[in-house]
Amino acid sequence: MKPNSRPFSKVLVANRGEIAVRVIRGCRELGIVPVAVYSEADRDALHVRQAFEAYCVGPAPSSESYLQIDRILEVAKQCGAEAIHPGYGFLAENATFARAVLDAGLTWIGPPPEAMEVMGDKVTARTAMTEAGLPVVPGTTEPIDDDDEAARIADEIGFPVMVKASAGGGGKGMRRVNSADELASALRGARSEAGNAFGDSRIYIEKCIDNPRHVEVQVFSDAHGNHVHLLERDCSVQRRHQKLVEESPCPVLDQATRDRMTQVAVQAARAIDYRGAGTVEFLLAPDGECYFLEMNTRLQVEHPVTELVTGIDLVHAQLEVAAGRPMPFSQEDIQCSGHAIEVRICAEDPADNFRPCPGQVASYRPPGGPWVRVDGALYPGYEVPVYYDPLLAKLIVWGRDRAAAIDRMKRALREFTLTGIRSNIPFFVQVMRHEPFVTGNYDTGYVERYLGSELRLGEGHHVEVAILAAAIAEHLAERKALETVPGPAKSTSSWAMAGRLKRLGRS
Amino acid sequence: MKPNSRPFSKVLVANRGEIAVRVIRGCRELGIVPVAVYSEADRDALHVRQAFEAYCVGPAPSSESYLQIDRILEVAKQCGAEAIHPGYGFLAENATFARAVLDAGLTWIGPPPEAMEVMGDKVTARTAMTEAGLPVVPGTTEPIDDDDEAARIADEIGFPVMVKASAGGGGKGMRRVNSADELASALRGARSEAGNAFGDSRIYIEKCIDNPRHVEVQVFSDAHGNHVHLLERDCSVQRRHQKLVEESPCPVLDQATRDRMTQVAVQAARAIDYRGAGTVEFLLAPDGECYFLEMNTRLQVEHPVTELVTGIDLVHAQLEVAAGRPMPFSQEDIQCSGHAIEVRICAEDPADNFRPCPGQVASYRPPGGPWVRVDGALYPGYEVPVYYDPLLAKLIVWGRDRAAAIDRMKRALREFTLTGIRSNIPFFVQVMRHEPFVTGNYDTGYVERYLGSELRLGEGHHVEVAILAAAIAEHLAERKALETVPGPAKSTSSWAMAGRLKRLGRS
Amino acid sequence: MAYEVQLGGLSVRAEVREQENGCFEVVVDDHATVVDARFPEPGVMHLVRDGEAFEVDVRAIEDGHEVTLYGTRYSVQVLDERKKALRGFGGGAGGRGGSESIKTSMPGKVVALLVESGQQVSAGQGVVVVEAMKMENELRATRDGVVGTVAVAEGDAVEGGALLLEIAPLDEA
Amino acid sequence: MAYEVQLGGLSVRAEVREQENGCFEVVVDDHATVVDARFPEPGVMHLVRDGEAFEVDVRAIEDGHEVTLYGTRYSVQVLDERKKALRGFGGGAGGRGGSESIKTSMPGKVVALLVESGQQVSAGQGVVVVEAMKMENELRATRDGVVGTVAVAEGDAVEGGALLLEIAPLDEA
């Protein structure tokens, strides 16, 4: 019963939002002092509230705070952190940062910078993986600067093509182009987004595989040459290349393809002498072929689904192997038990083209009960800032099988209280009862295919309830407006009314 | 991937609080319409908010609402419920109610009334279990009415003795008596409490086993003669026979004793032709002997720890077997994976002898993240009524091993935001870092042994932080008092101050 | 109070009366319903009607309330006599024939102006790019026309609903 | 403002000043500390001091605040000049020699009165049973004496802190 010695005494978490909270939780559980950094807009953010130390690193824009390598390293040295965990996004896949961390004599909780560089540039990654024997999607083997050249190459590959950021990830700087006349706008948009997101506006072009599924394999490696996989995740429910729903295992993968895919993923990790948590992404074509898409050299947003089906804590494991220890499990220990599904809850309005909806959270009560997990950065009264990604929380459920997991997700979604801002929770309620999703019969075009029709939010069977609720709400609002200056002669019932109204969020 | 047909279409949940919420969640997950009943004090309770139908069954006192058999049956018939789930407490172990449910042509989600009667009366239970070959604690074989007779018997057994309610459970109507002069007061207290809690004031006397552990075995049976166990739980961390912390597996049980105990528990279930979820409780003496204590013929408060180590949803299973189906698992399917710990979060002040602290919840934010489960009935603004049990929520964590589970529990407890009322959360923080608990070296006397000393809440290393926080809070409170009528000429900063203050809960 | 309530194509008359016991009697087109409505958390309404229970999110919007339940969102217009009268004077939604406004529906930052005042544009053409929460959104011309007022400059922070630029019909230019 | 702050045996002078940037400068016995204090949720204070971060529960109590962090609860008296003066007049805690009051610390119901006015009792003897949240609590005499005023009857609902009965010393009876 003796507790393990902690891998580090103090770790700086160079991130914000739910992933910073996730890593801080992992640190606290291992007895590590977690250090938060924050921008001026994030003083009241949950990751700051949960850290043991917290330092402001600059103004709200991430380029002036969370992307300030020098400032973050200065804080790390000043507070005596031994290691830096980058989360995902921001500097997580920035090899320059990783090197700077190492040069400062600190431990980088991530893969070797060389591995990051190979995979960080999507073009060199394609080349390296081809050499390692992985199947890749046809496309350019180097970045394209010139619009005319891009047009020529796209024509050669044949439309539709994908324009992708060389430094990309998470769908940023990515555009599908159906025909030549859309190309110029797509190139402009992709370059600008990529420049803003990664500080690198280079793009490349790839054949567009129609109706593929996005299936990825979680790999894990240590510094002792051990490489394992932790099964696959299906992340095909996407909108504009932003994943919305992820699950493990993939509902349609046959065991032979799974074996091939997981084996190839481990092969990729071994080829680049990988270390820590990584993800090898594949496109699974309708004909059963799979193509290497890219490797994400970091912890993924969707890592919890893997944690729930394997029982392995990936953040703990990252911290252990970063400290030079052998990974605390072997391939035989990794068994898939049951089924897990995650949805990404964002400050977006699904009824209005998923437009971002920052603002103040009025009420927040996450679902609870059996096999429901919420990884989030929310609390009642939290002001969602406009400066960052709209991801607020992830809701993850586990069930004995996929049907049980879907039923549990439905229950949990309806139990989720989040008002004051609009979120995409209603959209997920629709998805969980939508036949193509329930039967597992979906691909990466799923959301766009059904968004305007079967996944519309505007129609339902409770018109009468909506009318009653709206009429009562209006009645109370007008009652309140009439009672402008409540004096001592007022009856208590009007006070009660005012109280009710206030709680209704009308004032 | 075809969904299972639901065992019932509509189920009435004859309870309140966290267990009603738990059962409603289970119903919703299986596609069953959950019907809540509530007292006038519970209109805004979470179980009402989460049900699909809700009916008021009477005034606040439970004797006039949750214990009103006729009224509850009337609601069940009126709304077309097919079955009734009693939760725990209230009518859960009332055989008269179970029979009335059956007589009304409804399904009782619980064991046969005969089995409830045998086990419900602790005296007949002792007799039956002796006959079935289980080891029992020495004591009276029938209830005692007369104080003089009680004194004689207690003398015969030898002090210390336990006075227990014949109809008892959950520590209600239970008293330890160290010497003859304490007996009269104990008898009076136990009878009165038993009468109030169970409508049955009969008591009996048992030998007091000193320094035992309380270890119990979860059993499960169906109507087809299948009886299995789902391993054990250690619930020795108690105060006045109220369990506070439960874990599975028991940290000190050797495999031989575990095998014997689980086998005997299944034997008990089989002997009384049991059905559904039940718990056979044992006292584990320091010498390794175990004694049958009682059988609880219902779902226990602490069932989640068993769910987390076995992956089996006990509420789903209850619903399935109540519908006459065979249990959806066999003994071989039940494997213990990792370790789970639960703490019972109550509206009690651990610094003031655990006195009940009802009131309004100011802020509530449950912990989240990996392998943390909260089963509760709380929300921000919820008014905890004075009429019922102080249990507000259960915090349950899972870890790969016991040390990991304790570390996770520490993390989760510190993350738990609950203000406005006092709770016993600070007490659990103390327990989780207290050496006797951490090493598993505790028994049922643990809490009373250390409460006044090592588990005291009053001493810590953050005196300076406390002084700073209190001084700033006072400063803001006084600033607010000075700004009695903010006029238009006031600066915005005083408004900001007032806002801060309000959020601080001072007005 | 009595209201005209509109939802989708539906329009009904609803009157709300408070009862002694704190419940509401709502008369919808002469059909009376008693609703026990509570507000357990900000923005949340819990209703019990004849035993059926519903928990809904309620959010004030222009001229009414947005009600969300079970994955469906209902935009309900609730107009009293005064509001109806105002509406009558104000006319319908959107000025026909006049200039059209390009507005951003979300707060964010103008990262690129793709057109300038006086420039001729065709419907669907990208005119301005706004970044909000790290995503760039290209707003497009809603009609053929000529760019009129340009109310923002590149780099400006803008509120939700802010006017970015106007596009006048060709014949008015 | 300046306060006398007492915690356990400790007594210090603390002065709080607000800074332009919203932080607080707290001078404790001439040692100045800058604290960035925020109130993210009701009853919750988050403090950052020299990079160290603490989230504490703060609850107003008589003459001060109760501060809870990391499983420890600190009852901190915070007195300004006015309160200190009032305290000086009021004398110490608990009247020595006079009647002692039996109060309930929690709201609940009186289920049994075990003594009556004029009855002689000894310290530790059960005098009244109060039920709160389904648990019965027998309150005991805190001294030998004679029961004086009995302020409640069986079945009464009582608030937290309510006087139940008084016990006078034997010599005063």
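Residues numbered from 1 in each chain as written. Chains lettered and ligands numbered in written order. Predicted model: local features only at pLDDT ≥ 70, side-chain atom pairs only at ≥ 80, totals over all residues. Heavy atoms only, no water.

1. Points about the interface of chain C and chain A
- Listed by partner, the interface residues are 61 residues for chain C and 71 residues for chain A.
- Summing the contributions of chain C and of chain A, the shared interface buries around 5,500 Å²; its carbon and sulfur component is 60%.
- The interface formed by chain C and chain A contains six salt bridges.
- Across the pair Glu 18 of chain C and Arg 479 of chain A runs a salt bridge, and its minimum N-O distance is 2.8 Å.
- Our enumeration of links across chain C and chain A arrives at 13 residue pairs in polar contact (both at pLDDT 80 or more). (Contact = heavy atoms within 4.5 Å. Buried area = accessible area lost by both parts, 1.4 Å probe. Salt bridge = Lys/Arg side-chain N within 4 Å of Asp/Glu carboxyl O. Polar contact = N/O pair within 3.5 Å; in protein donor to acceptor, adjacent residues only side chain to side chain.)

2. With respect to the pairing of strand β14 (residues 145–150) of chain D
- As defined by bridge partners, strand β11 (residues 120–121) of chain D adjoins β14 of chain D across two bridges and the pair is classed as antiparallel. Residue pairing for β14 of chain D: Gln 120 of chain D is matched across the bridge by Val 146 of chain D. (Pairing = 2+ DSSP bridges. Helix = DSSP H or I, 4+ residues; strand = E, 2+ residues; numbered from the N terminus.)

3. A look at the pairing of strand β8 (residues 203–207) of chain B
All names here are of chain B.
- Within β8, four of the five residues are buried, which leaves the element mostly enclosed by the surrounding structure.
- Relative to β8, strand β6 (residues 161–165) is paired through five bridges, and the arrangement is antiparallel. Residue pairing across strands places Met 162 opposite Glu 206, the latter belonging to β8. (Buried < 20%, exposed > 50% of the residue type's maximum accessible area, 1.4 Å probe, protein only.)

4. Some remarks on the confidence of the model for chain A
- Residue-level pLDDT values for chain A average 91, and 94% of them are 70 or greater.
- Low confidence marks residues 485–507 of chain A, where pLDDT is under 50. Its contacts with residues over four positions away, or in another chain, come to 38 contacts. (pLDDT = per-residue confidence, 0-100.)

5. Details of the packing of helix α12 (residues 402–415) of chain A against helix α13 (residues 425–432) of chain A
All names here are of chain A.
- Packing of α12 against α13 leaves a shortest axis separation of 10 Å and a crossing angle of 155°. Classified by the angle between their axes, α12 and α13 sit roughly antiparallel to one another. Crossing handedness for the pair α12 and α13: left-handed. Where α12 approaches α13, its residues Ile 406, Met 409, Lys 410, Leu 413 and Arg 414 are matched on the opposing element by Ile 425, Phe 428, Val 429 and Met 432. (Axes fitted to C-alpha atoms, helices over the stretch in contact; angles between N-to-C directions. Parallel < 35°, antiparallel > 145°, perpendicular 65-115°, else oblique. Left-handed = near helix turned anticlockwise from the far one by under 90°.)

6. Let's talk about the domain arrangement of chain C
- In terms of domain boundaries, chain C breaks down into domain 1 (2–88) and domain 2 (100–172).
- Each of domain 1 of chain C and domain 2 of chain C has a C-alpha centre, and the two are 36 Å apart. (Domains from an automatic or database assignment.)

7. Examining helix α4 (residues 95–103) of chain A
Residues and elements named next belong to chain A.
- All buried positions along α4 are accounted for by Ala 95, Phe 97, Ala 98, Ala 100 and Val 101.
- Structurally, α4 contributes buried residues whose contacts are with α3 (69–79), β4 (83–85), β5 (107–108) and α5 (113–120).
- You can read the cap of α4 off the contacts: a side-chain oxygen lies 2.9 Å from the backbone nitrogen of Thr 96, and it is on Asn 94.
- One or two residues past the end of α4 sits Gly 105, with phi positive at roughly 85°.

8. As for the domain arrangement of chain A
All names here are of chain A.
- Each assigned domain of chain A is listed with its residue range as follows: domain 1 (10–109), domain 2 (138–207) and domain 3 (213–465).
- When each unit is reduced to the centre of its C-alpha atoms, the spacing between domain 1 and domain 3 is 24 Å.
- In this assembly, 36 residues from domain 1 lie in contact with 31 residues from domain 3.
- In this assembly, domain 1 packs against domain 3 so that about 2,400 Å² is buried in total across both faces, 59% of it on carbon and sulfur atoms.
- Between Glu 93 and Arg 298 there is a salt bridge, with the nearest N and O atoms lying 2.7 Å from each other.
- Put simply, domain 1 and domain 3 have 12 residue pairs in polar contact (both at pLDDT 80 or more) between them.
- When contributions to the side of domain 1 that touches domain 3 are tallied by element, the ones reaching two or more residues are α1 (17–29), α2 (46–50) and β5.

9. A few points about the packing of aromatic side chains
- On inspection of all chains with the given rule, the structure shows 28 aromatic pairs over all chains.
- Ring plane angle 55° and centroid distance 6.0 Å describe the contact between Tyr 387 of chain A and Tyr 388 of chain A, whose orientation is recorded as tilted.
- Take Tyr 387 of chain A: its relative accessible area is 38%, and that puts it in the partly exposed class.
- Three or more aromatic residues joined by ring pairs form one cluster here, namely Tyr 66, Phe 90, Tyr 387 and Tyr 388 of chain A.
- For Arg 414 of chain B, the ring lying beneath its charged end belongs to Tyr 70 of chain D, and the centroid distance is 4.4 Å. (Phe/Tyr/Trp six-rings, centres within 6.5 Å; stacked < 30°, edge-to-face > 60°. Lys NZ or Arg CZ within 6 Å of the ring centre and 35° of its normal.)

10. Description of the pattern of salt bridges
- For the structure shown, the criterion picks out 111 salt bridges over all chains.
- For Arg 422 of chain B, the salt bridge goes to Glu 66 of chain D, with nearest N and O atoms at 2.7 Å. Of this pair, Arg 422 of chain B sits in the loop between β22 (417–419) and α13 (425–432) while Glu 66 of chain D sits in strand β7 (residues 64–69), placing the two residues on different chains. The exposure classification of Arg 422 of chain B matches that of Glu 66 of chain D, with both residues buried.
- Through salt bridges that share partners, Arg 22, Arg 25, Glu 29, Glu 307, Asp 313, Arg 373 and Asp 375 of chain A together with Arg 408, Arg 411 and Glu 415 of chain B make up one connected network.

11. Focus on the interface of chain D and chain B
- Chain D puts 61 residues into the contact, and the matching count from chain B is 71 residues.
- Together chain D and chain B conceal approximately 5,500 Å² of surface at their shared face, both sides included; 61% is due to carbon and sulfur atoms.
- Inspection of the chain D/chain B interface yields six salt bridges.
- Among the salt bridges present, the one from Arg 365 of chain B reaches Glu 41 of chain D, with a minimum N-O distance of 2.9 Å.
- Top element by residues in the side of chain D that touches chain B is strand β6 (residues 52–61) of chain D. It accounts for eight residues.
- Grouping the amino acids of the side of chain D that touches chain B by side-chain chemistry returns 36 nonpolar, 10 polar and 15 charged. (Nonpolar A, V, L, I, M, F, W, Y, C, P; charged D, E, K, R; others polar.)

12. Some details on the sheet that holds strand β10 (residues 227–239) of chain A
All names here are of chain A.
- An order of β13-β12-β9-β10-β11-β14-β21-β19 is seen for the eight strands of this open sheet, with the pairing classed as antiparallel. On the outer flanks of this sheet lie β13 (290–296) and β19 (372–376), each paired with one strand and no other. Sheet twist, expressed as the mean angle between neighbouring strand axes with direction ignored, is 25°.
- Pairing of strand β9 (residues 213–221) with β10 involves six bridges; the strand directions are antiparallel. The residue bridging Phe 220 from the neighbouring strand is Val 228, located in β10.

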